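Here are the chains, one letter per residue:
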Amino acid sequence: MAERFDFRTVQLHLTDTCNLRCSYCYEAWAPRSSQVISLAAAQEIAARHLTEEGSHKTVEFDFIGGEPLLAWDRIVGVVDFVHQRHWPKEHSFSFSTNGTLFNDEIKAWLDRHNCISFSFSIDGTREAHNKNRCGSYDRAIQHVPWALERAARLKIQPRVKMTIGPDTVPMMAEGILELHAMGFDKVDANVPYENIWGDRLESSLISFAGQLDQLVDYYLLHPDLEPSRLIDLPFSKLVGTEGEDEFPRWCGSGSPMICYDVEGRPLPCHRFVSISTGRIYEGPLTFPIKTWEEVKKSKPSPCVECPFVAACPSCMALNWLENGDVDRRTHWHCGFILLQIKASAKFKILRLSRDIAAAPQTDEGRAKVSEYQAELDRALQVHELLSEQAV
Amino acid sequence: MTMNRSDREETNMAESADRRQFLRNAMKIGGAAALLLTSASRQVLAQSLQLNSQDMDAARRAQLAQGAPAAASQSGEPVSSGYHGCDCSGCSGCTGTCSDSCGNKCTSCTGGCQGTCAGGCSDSCKGSAR
């Protein structure tokens, strides 16, 4: 199990319920049940994976929902249970939260448990967040200082996730700057994979491009910050796509991930939960890696011809839901990703040009220049390609 | 991370193969993008995020700057590689966190750089930016 990875990610979908109804939420395909996973089932799942055979050394438990803090007693119950004995596998815990439901009791418990980390969902500025996330900005943001202080004390990177939708694209750069100013060194930001753009696609793309330009300027001025992936997609994956045997995948659905829903049913990942698909998933839990040839033979999406496919984020569950195959990619987000790739090329060109000009005239400096030049050449090729051949 | 001359030559050959493959794929983007993007979207893509003439001049100068891969290879000395796992060789004296620490290369360092950083230093840097 999970031999390709030295870890296993076990998601526990504790509850369907959520106190928010975010504008882009994909958990809208079926009515939310009020059911919460039973503590006995959650503990049994934890024990099973901590003793399962396989070469992986670590089991990463990820509590999700719905809003996992609505099932807080289950989180405590699983963590305390795991801590009561020694297991063959190492383990860690995390959860993703909208941040509105922290209270003194939860904070005190988290302050005593450094084994668990969490990610805040904050969509940038107050206005953007409130548009996307039901006016919940003030309820969430009041807990950020504590979360940052806790992360600093525990020497872990505070995590924040920002989702960009049609209403908030024009506030994207400002939102990321605000989150950095709050104290988040890294901001995970992305557009959804789903078809949420409608007749606002072109206007959103124009706005998105302008926002990316602002981010390129900002991160050039702040090399101490980890650039958002919006302008720093992995160039190392841009080449050698068809030269590799394996068709590239972006996420870990099925391997190393597995998810359990509120009834304890196993799924490849959280995106296969019935409120996210409108159906009961009965397919395989893992998806064998395919070769390029196999993908091309099975009614592929046009993405197989794109040179950027290996660097393009893709949701295997949505691919399955929309196209019946986890490797047949949806492409509603294609224009946004191509703009991100072009912004990443521009950022690399400007940064590497500066670094090369500043390199010292030493053997070490000249060796660095050669490395930078190889990357610079590639970035220039990508930028030129997306400026001319795409039209 | 270090590698010897034969490693370096192998990397260069792989790099060339990568580039050829990349260019072959790149020729296809017109077709792929035509299917996936509307005409207006393709226009946005082509016309946005441009480099100005100053940026292009700086990039051309950088492309022509004197590097030293041949000398390093001929000497048989280990050559620092930015392409294999974690590599903080872009920063010297970094005792804090290197940016992009598990990516291609480190170019800056936060929270404890005592030496120099290729891409600049944070406020807490006690050394100097190259």
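Provided above is the structure to which this section pertains.
What comes next is a walk through the structure. (Residues numbered from 1 in each chain as written. Chains lettered and ligands numbered in written order. Predicted model: local features only at pLDDT ≥ 70, side-chain atom pairs only at ≥ 80, totals over all residues. Heavy atoms only, no water.)

### Regarding helix α12 (residues 334–358) of chain A
Because an α-helix completes one turn every 3.6 residues, residues spaced three or four positions apart along the sequence face the same direction.
Part 1: For α12 of chain A, built from 25 residues, the straight-helix expectation of 36 Å at 1.5 Å per residue is met to within 8% by its first-to-last C-alpha distance of 36 Å.
Part 2: In terms of residue burial, α12 of chain A counts as a mostly covered element, since 22 of its 25 residues are buried. (Helix = DSSP H or I, 4+ residues; strand = E, 2+ residues; numbered from the N terminus. Expected span 1.5 Å × (residues − 1). Buried < 20%, exposed > 50% of the residue type's maximum accessible area, 1.4 Å probe, protein only.)

### Quick notes on the side chain of arginine 329 of chain A
Part 1: Position of arginine 329 of chain A among the secondary structure elements: in the loop between α11 (316–323) and α12.
Part 2: Sequence-distant contacts of arginine 329 of chain A, that is, excluding residues within four places in its chain, are made with Phe247, Pro248, Arg249, Ser301, Cys303, Val309, Cys312, Ser314, Asn319 and Asn323 of chain A. (Contact = heavy atoms within 4.5 Å.)

### As for the pattern of salt bridges
Residue and element names in this part refer to chain A.
Part 1: Summed over the entire model, instances satisfying the criterion amount to 22 salt bridges over all chains.
Part 2: Where aspartate 111 meets arginine 153, a salt bridge forms, and the shortest distance between an N and an O atom there is 3.1 Å. In this pair, aspartate 111 is assigned in helix α3 (residues 104–112) and arginine 153 in helix α6 (residues 144–154), connecting sequence segments 42 residues apart.
Part 3: Accessibility expressed as a relative area gives 30% for aspartate 111, which makes it partly exposed.
Part 4: The exposure class of arginine 153 is partly exposed, given its relative accessible area of 38%.
Part 5: Arginine 200 is the salt-bridge partner of aspartate 167, the closest N and O atoms lying 2.9 Å from each other. (Salt bridge = Lys/Arg side-chain N within 4 Å of Asp/Glu carboxyl O.)

### A short note on the sheet that holds strand β8 (residues 266–267) of chain A
All names here are of chain A.
Part 1: With mixed pairing, eight strands are arranged side by side in an open sheet as β6-β5-β4-β3-β2-β1-β7-β8. Edge positions in the open sheet fall to β6 (188–190) and β8, since each of these has one partner strand only.
Part 2: Of the pairings in the sheet, the one linking strand β3 (residues 90–97) to strand β4 (residues 116–121) comprises five bridges and is parallel in character. Its bridge partner being in β4, phenylalanine 93 is matched across the sheet by isoleucine 116.
Part 3: Helix α7 (residues 172–182) rests against β5 (159–163) and β6 of the sheet, and its axis sits at about 170 degrees to β5. (Pairing = 2+ DSSP bridges. Axes fitted to C-alpha atoms, helices over the stretch in contact; angles between N-to-C directions.)

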